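What the coordinates show
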Amino acid sequence: RMLAEAALKCATADEPLDRNFIRAHALAYAEAQGCDIETASLRVFSNAEGAYGSNVNQLVDSSAFGDEDELADAYENRKSFAYGVDGKSAANPKLLQRALADVEVAYQNLESVEL
């Protein structure tokens, strides 16, 4: 909740776009997608409420994938739920795709591993 609030505050701050990249990206996304600034500023993604994990590790361990795109699709399907300032999640795969469009490497921090 606090991370979503911080991103929203950055996106709505009255600052020059060349000094506030969150604002610049949120405004560009809002314009391109026709959505409000609160939606465009979402930066916290995870599973849907009650779900856990990306299941990518099971695909890798079992060699149950054909190419890297299948791994990316599995990750996106599980982790495309954006959490807003209200603490609720909503599926938003387009926003996750946009947020990751220029990312070369992603890392998922796990607090514990339950096998």
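Quick caveat: nothing in here was measured; it's all calculated off a predicted structure.

Turning next to the confidence of the model for the protein chain. Averaged over the protein chain, the pLDDT score is 86; the fraction of residues at 70 or greater is 91%. Within the protein chain, the element-level pLDDT minimum falls on helix α4 (residues 56-62), averaging 76, and the maximum on helix α1 (residues 2-12), averaging 96.

In this structure, A99 sits in helix α6 (residues 93-100). Along the chain, A99 and H25 lie 74 residues apart, while their C-alpha atoms are 8.9 Å from each other.

On to the pattern of salt bridges. Scanning the model with the defined rule gives one salt bridge in all. Its salt-bridge partner being K9, residue E5 comes within 3.4 Å of it at the nearest N-O pair. In this pair, E5 and K9 both sit in helix α1, four residues apart, roughly one turn of the helix.

The terminal C-alpha atoms of helix α2 (residues 21-33) lie 18 Å apart, and with 13 residues this matches the ideal 18 Å at 1.5 Å per residue to within 8%. Taken residue by residue, α2 has R23, A26, Y29 and A30 as its buried positions. The buried side chains of α2 occupy one side of the element, clustering within an arc of 135° when seen end-on. Summarising the geometry of α2, the exposed residues directed more than 90 degrees from the buried face are F21, E31 and A32. Check the buried side of α2 and you find it contacts α1, α3 (37-40) and α6.

Bringing the packing of α1 against α2 into the picture now. Helix-helix packing is described using two parameters, namely the angle between the two axes and the distance between the axes. At a minimum axis distance of 7 Å, the contact between α1 and α2 shows a crossing angle of 80°. Put simply, α1 runs roughly perpendicular to α2. Here A7, C10, A11 and T12 of α1 lie close against α2, whose contacting residues are I22, R23 and A26. Counted by class, the contact of α1 with α2 contains five nonpolar, one polar and one charged residues.

So, how was this worked out
Residues numbered from 1 in each chain as written. Predicted model: local features only at pLDDT ≥ 70, side-chain atom pairs only at ≥ 80, totals over all residues. Heavy atoms only, no water. pLDDT = per-residue confidence, 0-100. Helix = DSSP H or I, 4+ residues; strand = E, 2+ residues; numbered from the N terminus. Salt bridge = Lys/Arg side-chain N within 4 Å of Asp/Glu carboxyl O. Expected span 1.5 Å × (residues − 1). Buried < 20%, exposed > 50% of the residue type's maximum accessible area, 1.4 Å probe, protein only. Arc of directions from axis to C-beta. Contact = heavy atoms within 4.5 Å. Axes fitted to C-alpha atoms, helices over the stretch in contact; angles between N-to-C directions. Parallel < 35°, antiparallel > 145°, perpendicular 65-115°, else oblique. Nonpolar A, V, L, I, M, F, W, Y, C, P; charged D, E, K, R; others polar.

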